[in-house]
Amino acid sequence: MHLLNTSMLGLHCQLHFPDPERSLMAHKACLALQAWIPGQGQGGVRTINFSTLFLFQLSLENLSQKTANHREVETCVMTELALEETMSSGGAEDDIPQAERKTVTDFCYLLDKSKQLFNGLRDLPQYGQKQWQSYFGRTFDVYTKLWKFQQQHRQVLDNRYGLKRWQIGEIASKIGQLYYHYYLRTSETSYLNEAFSFYSAIRQRSYYSQVNKEDRPELVVKKLRYYARFIVVCLLLNKMDVVKDLVKELSDEIEDYTHRFNTEDQVEWNLVLQEVAAFIEADPVMVLNDDNTIVITSNRLSETGAPLLEQGMIVGQLALADALIIGNCNNQVKFSELTIDMFRMLQALEREPMNLASQMNKPGMQESTEKPARRENPHKYLLYKPTFSQLYTFLAASFKELPANSVLLIYLSATGVFPSGRSDSEGPYDFGGVLTNSNRDIINGDALHKRNQAYKEMHCLHPGDLYPFTRKPLFIIVDSSNSVAYKNFTNLFGQPLVCLLSPTAYPKALQDQSQRGSLFTLFLNNPLMAFLFVSGLSSMRRGLWEKCQDYLRKINRDIAQLLTHSRSIDQSFLQFFGDEFLRLLLTRFIFCSATMRMHKIFRQETRNYPESYPQLPRDETVENPHLQKHILELASILDVRNVFLENTLDDY
């Protein structure tokens, strides 16, 4: 065995790092090395073999690629030396074939590199669509190599490295996280299937099954976090049957975890269970099969979803390119920083995902280089309770990168902020707006900490705050108790601008469902379910549901004709009507408004109605007799015609 005195490593470090700062860090690595290696040889001189020196050299090369602190250096060195100890523990070092030694060394290098790249994802800016792509590409490549490598050399890694199944599961979990974050960055729903594929493989192959036998609570937490991430992906894919199974398994795991380890995070994990349970029960209407099992409905855009543009319809060529989905409602059901309103709106802005998982030979083995076909979804930012600064930063980034002939959509689901006193003027900062997050406590819902009435509320997104962004086509949806503040817009730059505004209040006779999501957003996401709810229905058979959906598609086609044939409608609506996502939102908005105007209990107050800027011509759209006849016919199919007025025009 060839031995080298560790005191000579100082010279090695100086040659490797002429830069004084990194040389000092490398010297600290030497100290870590000396502390680890037991005294051996004459006089207790610490010695190492050349293979260990090679591993140390590898850690120095990693160090040279980035500036690291002392702890990072020590971790890197100790990882490599632990490898040496693992390999040596199987027997005499000279008995280990060189090829197997290289296999373990290469695996450790890929594992360390993958962790570095994955941890570096946190440092990437959350906004902007270009800076992150090359880094994500490198991370995908390394994880692809790592996954293939552990598959091809599993026996050697089992024998020489002591590779455990939970470590394989951890690699698969990281790949699943990469695909999920790639979905968040690109809004391509196909990547959700990739994330599901890897997460599902972990569960099917029981990679985490042995974790509970080890007396290490941090490993159990890894398993619990895996379950939470898997649940989020399944929710987004509407795999509710899988979600229910995962919730039961997670509940059992949490119970076992808290029983074995007297930890302080028991309350937090129980809260996770409560949140996901409330989330999956948020829909107010169940669709049932003949055997009373629940039908899972999808509300993403399908090929037959949006009404087609017919010959002779003159509309704009704008395309929805970017969307900010903002949730800041108090006490609304949420899971993983995604409120139910945000969840519903993001699905309304996505197409049905391609089922790439069915094309794979084995679950979890899809090559990262096999990119799914490009399917244009608008890019989205999901902002849960952002501060004003955060909201404005993301808004500015979207505005900056918005392509030509494109639309920016802003969806605001937030608590209303009302003006603190009377004002002599009626400017864009005099009507309040919606709440942005702050460090101050909110008492009793909308009641905010009172400031001097001479000043405007600073933790509020006022209509005037959006004026700079009306230099480009802007489509705004406000679901709030003070949505009417955005009715007082002024189109300063002549660009297409539309605001769809929720009712500011709902009838008292209607059961309060605000905790389970807004009725207005439900209409934009699933208009038939919302129609059933306001009609007093809580369940429906699948056959009748499908019949009503067909009729609703007919209603949407007629609404599209009403809009495009109107002679007095503002041109902004027609400019946006060429995009199928915005076309579907506009037709659903008109259906929602017409339904509420015909509903008996909604007609008690005008604030129960949605509004828009610019105003729609009521007699040609939301109060058109032809549309009203369709709504009464839909009510007749459901046998709920009695909750609607027959002759609404006589009341005006």
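Scoring rules and cut-offs
Residue numbers here run from 1 along each chain, matching the order of that chain's written sequence. Local features in a predicted model are, by the rule used here, given only for residues with pLDDT of at least 70; side-chain atom pairs are given and counted only at 80 or more, and totals for whole chains, interfaces and linings are based on all residues. Only hydrogens and water are set aside when side-chain values are computed; all heavy atoms of the structure are taken into account. Nonpolar core, defined: a set of buried Ala, Val, Leu, Ile, Met, Phe, Trp, Tyr and Cys residues in which side-chain atoms within 4.5 Å join the residues together. Remark: exposure states derive from per-residue accessible area (1.4 Å probe, protein chains only) relative to the maximum for the residue type, with buried under 20%, exposed over 50%, and partly exposed in between. In this description a helix means any DSSP run of H or I spanning at least four residues, a strand means any run of E spanning at least two, and both kinds are numbered starting from the N terminus. Here, residues are in contact when the closest pair of their heavy atoms is within 4.5 Å. Here, a salt bridge means any Lys or Arg side-chain nitrogen found within 4 Å of an Asp or Glu carboxyl oxygen. Pairing between strands is defined by DSSP: at least two bridges between them are needed. Helix axes use the C-alpha atoms of the stretch in contact, all axes being lines fitted to C-alpha atoms, and the angles between their N-to-C directions lie in the range 0 to 180 degrees. Paired rings are identified among Phe, Tyr and Trp, the last through its six-membered ring, by centres lying within 6.5 Å, and are further divided according to the angle between planes into stacked (under 30 degrees), edge-to-face (over 60) and tilted (the rest). Both a distance and an angle decide whether a charge sits over a ring: NZ of Lys or CZ of Arg must be within 6 Å of the ring centre and within 35 degrees of the ring normal.

Colleague: I tried to follow the nonpolar core on my own but got confused; where do I start?
Modeller: The tendency in soluble globular proteins is for nonpolar side chains to be buried side by side. Counting residues in hydrophobic clusters, the biggest one holds 150 residues, and the most contacted among them are Ile231, Leu236, Leu409, Phe475, Ile477, Leu519 and Phe591. With 13 residues, the top contributor of residues to this core is helix α10 (residues 217-236). Residues contacting Leu409, with those up to four places away along its chain left out, are Leu320, Asp322, Ala323, Leu324, Leu349, Phe475, Ile477, Leu582 and Leu585. Counting residues in hydrophobic clusters, the runner-up holds 29 residues, among them Leu402, Val434, Tyr486 and Tyr613.

Colleague: How do you make sense of the pattern of salt bridges when you look at a structure like this?
Modeller: Between side chains of opposite charge, a pair can form as their charged atoms come close. As enumerated under the stated definition, the model contains 23 salt bridges in all. A salt bridge links Arg542 to Glu546, with the nearest nitrogen and oxygen atoms 3.2 Å apart. Highlighted residues: Arg542 and Glu546, both in helix α17 (residues 542-565), separated by four residues, approximately one helical turn. Here Lys554 ties to Asp558 by a salt bridge, and the two come within 4.0 Å at their closest N and O atoms. Residue Lys554 and its partner Asp558 are both found in helix α17; the two are separated by four residues, about one turn of the helix. For Lys554, a relative accessible area of 34% translates into the label partly exposed. Each of Glu170, Lys174 and Lys222 takes part in salt bridges that share partners, so that together they form one network.

Colleague: Can you help me understand the sheet that holds strand β4 (residues 319-328) in this one?
Modeller: What links the strands of a sheet is backbone hydrogen bonding, and the strands pair in either a parallel or an antiparallel sense. Pairing in this open sheet of six strands is mixed, and the strands run β5-β4-β6-β10-β11-β13 from one edge to the other. The open sheet has two free edges, formed respectively by β5 (379-384) and β13 (611-613), since each of these has just one partner strand. Taken over all neighbouring pairs, the strand axes of this sheet differ in orientation by 10° on average, direction set aside. Here six bridges tie strand β6 (residues 406-414) to strand β10 (residues 474-479), and the two strands are oriented parallel to one another. Bridged to Tyr411 within β10 is Ile477. Packing of helix α14 (residues 388-401) onto the sheet brings it into contact with β4, β5 and β6, and relative to β4 it is tilted by some 175°.

Colleague: Hey, could you run me through unusual backbone geometry in this one?
Modeller: Residues other than glycine predominantly adopt negative phi, and peptide bonds predominantly adopt the trans conformation. The omega torsion of the bond from Tyr613 to Pro614 falls at -10°, within 30 degrees of zero and hence cis. By the secondary structure assignment, Pro614 is in the loop between β13 and α20 (625-637). For Ser187, which is not glycine, the phi torsion reads 65° and is therefore positive. Tracing the chain through its elements places Ser187 in the loop between α8 (165-186) and α9 (190-204).

Colleague: Would you explain the packing of aromatic side chains in this entry?
Modeller: Note on aromatic pairs: each is described by the distance of the centres and the angle between the planes. Under the counting rule described, the total for this entry stands at 33 aromatic pairs. Look at Tyr179 and Phe198: their rings are 6.0 Å apart centre to centre, the planes differ by 25°, and that puts the pair in the stacked class. On the criterion of sequence distance, the pair formed by Tyr179 in helix α8 and Phe198 in helix α9 is long-range, its members being 19 residues apart. Comparing Tyr179 with Phe198, the two get one shared label, buried. Put simply, the rings of Trp132, Phe136, Phe140, Trp147, Tyr179, Tyr182, Tyr191 and Phe198 touch in pairs and so form one group of aromatic residues. Sitting above the plane of the Phe196 ring, Lys239 keeps its charged end 4.7 Å from the centroid. Sitting above the plane of the Phe399 ring, Lys472 keeps its charged end 4.5 Å from the centroid.

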